[in-house]
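Here's the letter readout for the chains.
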Amino acid sequence: MPESTNPKRENLLNLALDATERELEKSLDLDTGYNRMQDTWELIVRYSAGLNQLREEYPQITIVELLNGYAVVTLPGELMQMFTDRTEIEYIEKPKRLFFAVDQGIRASCIRTGQTLAQNLSGKGILCGLADSGIDWRHPDFCNPDGTTRIAAIWDQTLIPDASRGLLPPDGYDRGVEFTREQINEALKEPSGPVFIEEGGPRHTCMRVRSQQTAESQQSYVRLTGDSSGHGTHVAGIMAGNGRASGGRYRGVAYESELIAVKLGVPREEGFPSTVELMLAVDYMVRKARKLSLPLALNLSFGNNYGSHSGVSLIETYLNSLSGYWKNVIAAGTGNEGTASVHTSGRVSMEGGFENAVQFAVSTYETSLSIQIWKSYSDEFSIQIVHPSGITTGPVQKILGPQRFRMQQTEILLYYGEPSPYSVYQEIFLELLPVRDFIDSGVWEIRLLPERIVNGEFDMWLPGGGILNRGTGFLYPTEHTTLTIPSTAEKVISVAAYNSRTNQAAEFSGRGYTRMTNQIKPDLAAPGVGIMSAVPGGGYGVKSGTSMAAPFVTGSAALLMQWGIVEGNDPYLYGEKVKAYLIKGARPLAAFSEYPNQQIGHGVLCLRDSIPV
């Protein structure tokens, strides 16, 4: 079997392994997880037996075992085939790039009632987790009245460990630096002015933190970074800020909870973190919550567009598996791709002719573009590609392994995939790369030429997250199934955004349902338009997005778990049970006559009606 078609590896990884150095460099997708300088690949793995023997035989392989039979593995490219063939390795995926997905919102979600009535819920006794761009640990909203921190720990994945200075990753992990509550409290005693330093890359907000290992005769300092983008701080403020910097006006949901934060690493010089960093972050926080004996409400405000959107990728199944480990709830925003023209769908018929065609526009100065086509494996059709100039290539038949074509100044990589052990769906992946600097602009067309049709349904996705130039997108997009991964995971609470001032669904909010499996996603909606919350530097600012909606639900989950577990009303109130309570309490909007629906699921968040009476 050719190495580029190995069924134990996902299609995108097989194509990436076959790609040339130039193709990897030009693509936005294929090189994620690949380190050119060291010729190593970072991989997401599902395994069925212990990996100790593999460690012993190949010390050059780095393995971080996650919970429930998943692992993150870094290995030299020359060992890829050996690693794939190992019997203990079940399936391998490459990382995918991720992108970002209080006052008035608190009232609209019936949260204030739960905070002030007899329940007096505040999140006390619950750990609220954040995997994001970091957190401004100096912000008063994340400090107690006595000035000490509310943060149990911060894991900064962007820092390089240095054992000689006491800069160490968490036990069992291979990257970043962990800062304890004690170190954060020591840092809070230092002068409050941030120090900006340059280290061959982007500027970081830094504070000098006194090392616990420092001798009395000599002071040594380590860096504790903050939140350079402000996204994580804003999300944390909605979920759990106590409003100290505003006299309580912009208080968040679980305002007396403890916090734990992971600043997600960015493996590329510029860009966003990948699914590897996210899985490591979730694993770390779930383990830490169990060690602290605290129920965990975990917020994810990142997502991506690569996958079948059916809940079957390794990151989705991993998050599902964690629902049975310890007492946790995971909430994720559905992304902001609802009206972004990055998804289309249709049905191929034997009589369709040129109706079985999809047009997409490419604006000028687009450096690359990937297209995923997902279909039923039982359907058979070939592909013809039409260049903006009118020239065509194809029909392209199904051939195992990559195929390459050149159309004027654009190179096309095409890969017909096979179903995986965890998915019955077939992917056809296309990557448009420039021969020189940019791919050809204009209107392209993909014609689907039927040969044998049983089901006929297909979906196509372009990259999300706003990385495409304005004007690039499908000419006839469909707005359903635009929710991003991992909000498609079955046991995650998937949160859409709505405008709580107008009681209208947010146009940008990613919509359901999941592809083919037809799971009801989103589960519910929360305020996500014009949300005031904490920003780095001690103040407040306004942001919009499902990234802002998700922490309303995460914080509400923390309040429910406080009522159930901490207050003794229901010691089993976590996981799917929390989701069920939130769905039951969700209230309808007048704009929708049917529930559940693809835009706001079962309705909008109302914590008051979610608390059992």
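Residues numbered from 1 in each chain as written. Predicted model: local features only at pLDDT ≥ 70, side-chain atom pairs only at ≥ 80, totals over all residues. Heavy atoms only, no water.

## Describing the side chain of Ser 509
Position of Ser 509 relative to the elements: it lies in the loop between β29 (504-505) and β30 (524-527). Of the residues examined, Ser 509 reaches a relative accessible area of 1% and is grouped as buried. (Helix = DSSP H or I, 4+ residues; strand = E, 2+ residues; numbered from the N terminus. Buried < 20%, exposed > 50% of the residue type's maximum accessible area, 1.4 Å probe, protein only.)

## Notes on a nonpolar patch on the surface
A cluster of nonpolar side chains, namely Val 443, Leu 475 and Tyr 476, defines an oily patch on the protein surface of about 310 Å² accessible area. Structurally, Tyr 476 is set in the loop between β27 (473-474) and β28 (493-499). (Patch = residues over 30% accessible without salt bridge, like charges linked within 9 Å, V, L, I, M, F, W, Y side chains within 5 Å. Areas by Shrake-Rupley, 256 points an atom, 1.4 Å probe, with all protein chains shown as cover. Salt bridge = Lys/Arg side-chain N within 4 Å of Asp/Glu carboxyl O.)

## Comments concerning empty space enclosed by the protein
Taken as a whole, the largest cavity holds about 300 Å³ of empty space. Around the largest cavity sit 28 residues that line it, and Glu 10, Glu 93, Tyr 306, Ser 313 and Trp 374 are the ones nearest its centre. Mapped by element, the contributors of at least two residues to the lining of the largest cavity are β5 (89-93), α10 (314-322) and β24 (425-434). When its residues are assigned to classes, the lining of the largest cavity shows 10 nonpolar, 11 polar and seven charged. As a volume, the second largest cavity reaches approximately 240 Å³. Taken together, 20 residues form the lining of the second largest cavity, with Asp 29, Arg 97, Phe 99, Asn 304 and Pro 463 sitting closest to its centre. Of the residues belonging to the lining of the second largest cavity, the class tally is 10 nonpolar, six polar and four charged. (1 Å grid on protein atoms, 1.4 Å probe; cavity = no way out; pocket = protein on both sides within 12 Å on 5 of 7 lines; lining within 4 Å. Points joined across faces, edges and corners; volume = space filled by probe spheres on them. Nonpolar A, V, L, I, M, F, W, Y, C, P; charged D, E, K, R; others polar.)

## Some words on the packing of aromatic side chains
Aromatic ring pairs: the centre-centre distance and the angle between the two ring planes describe each pair. Across all of its chains, the model carries 12 aromatic pairs by this definition. A ring pair is formed by Tyr 173 and Tyr 284, whose centres lie 6.1 Å apart and whose planes are at 80 degrees; its orientation type is edge-to-face. With Tyr 173 in the loop between β8 (151-156) and β9 (177-180) and Tyr 284 in helix α9 (residues 275-292), the pair connects residues that are 111 residues apart, well separated along the chain. A relative accessible area of 11% places Tyr 173 in the buried class. Overall, the relative accessible area of 2% leaves Tyr 284 in the buried class. For the pair Phe 592 and Tyr 595, a centre-to-centre distance of 6.4 Å together with 65 degrees between the ring planes defines the contact as edge-to-face. On the basis of relative accessibility, which here comes to 16%, the residue Phe 592 falls in the buried class. With relative accessibility at 30%, the residue Tyr 595 sits in the partly exposed group. Through successive ring pairs, a cluster of aromatic residues spans Trp 155, Tyr 173 and Tyr 284. Sitting over the ring of Tyr 325, Arg 290 keeps its end group 5.0 Å from the ring centre. (Phe/Tyr/Trp six-rings, centres within 6.5 Å; stacked < 30°, edge-to-face > 60°. Lys NZ or Arg CZ within 6 Å of the ring centre and 35° of its normal.)

## What to know about the environment of Leu 322
With respect to the element layout, Leu 322 can be found in helix α10. The spacing of Leu 322 and Lys 491 is 169 residues in sequence and 9.0 Å in space, taken between C-alpha atoms. Apart from residues lying up to four places away in sequence, Leu 322 is in contact with Leu 67, Asn 68, Val 282, Val 286 and Asn 328. (Contact = heavy atoms within 4.5 Å.)

## Some remarks on unusual backbone geometry
Across residues other than glycine, the phi torsion is negative in most instances, and most of the peptide bonds are trans. For the peptide bond that leads from Gly 394 to Pro 395, omega is 5 degrees, which places it in the cis range. Looking at where Pro 395 falls in the secondary structure, it is placed in strand β21 (residues 392-396). The residue after Ile 485, namely Pro 486, is reached through a cis peptide bond having omega 20 degrees. Notably, Ser 341 is not glycine yet its phi reads approximately 60 degrees, a positive angle. By the secondary structure assignment, Ser 341 is in the loop between β16 (328-333) and β17 (343-347).

## Side note on the packing of helix α11 (residues 546-566) against helix α12 (residues 576-585)
Two elements in contact, α11 and α12, have axes separated by 10 Å at closest approach and are oriented at 110 degrees. Taken together, the axis directions place α11 and α12 in an arrangement best described as roughly perpendicular. Contacts from Val 553, Ser 556, Ala 557, Leu 560 and Met 561 of α11 reach α12 at Val 578, Tyr 581 and Leu 582. Counted by class, the contact of α11 with α12 contains seven nonpolar, one polar and no charged residues. (Axes fitted to C-alpha atoms, helices over the stretch in contact; angles between N-to-C directions. Parallel < 35°, antiparallel > 145°, perpendicular 65-115°, else oblique.)

## Examining the pairing of strand β26 (residues 457-461)
Most of β26 is tucked away: four of the five residues are buried. With five bridges joining them, β17 and β26 adopt antiparallel strand pairing. Opposite Ser 345, over in β26, you have Asp 459 as the bridge partner. Here four bridges tie strand β19 (residues 369-376) to β26, and the two strands are oriented antiparallel to one another. Its bridge partner lying in β26, Trp 374 is registered against Asp 459. (Pairing = 2+ DSSP bridges.)

## Focus: the packing of α9 against α10
The interhelical angle for the contact between α9 and α10, taken along N-to-C directions, is 5 degrees, at an axis separation of 11 Å. In this view, α9 runs roughly parallel relative to α10, as classed from their interaxial angle. From α9, Thr 275, Leu 278, Met 279, Val 282, Asp 283 and Val 286 reach across to α10, where they touch Leu 314, Ile 315, Tyr 318, Leu 319 and Leu 322. Classifying every residue of the contact of α9 with α10 gives nine nonpolar, one polar and one charged.

## Some points on the sheet that holds strand β23 (residues 410-416)
Strand order across the open sheet formed by six strands is β17-β26-β19-β24-β23-β22, with antiparallel pairing between neighbours. Two strands in the sheet have a free side with no partner beyond their single neighbour: β17 and β22 (401-407). Looking at each pair of strands side by side, their axes are set apart by 20 degrees on average, direction ignored. Strand direction decides the pairing type here: β22 and β23, joined by seven bridges, are antiparallel.

## Concerning the nonpolar core
Ranked by internal contacts, the top residues of the largest apolar core, which has 59 residues, are Ile 493, Val 553 and Val 578. Sort the elements by how many residues they give to this core and α11 lands first, with 12 residues. In contact with Val 578, other than residues within four places in its own chain, are Val 329, Ile 493, Ala 557, Leu 560, Met 561 and Leu 573. Ala 131, Val 282, Leu 300 and Ile 315 belong to the second-largest nonpolar core, a separate cluster that totals 43 residues. (Core = buried A, V, L, I, M, F, W, Y, C linked by side-chain atoms within 4.5 Å.)

## Concerning the confidence of the model for the chain
Looking at the chain as a whole, the pLDDT averages 90, with 90% of positions reaching at least 70. Counting interchain partners and residues more than four positions distant, the pLDDT-below-50 stretch residues 193-222 has 63 contacts. (pLDDT = per-residue confidence, 0-100.)

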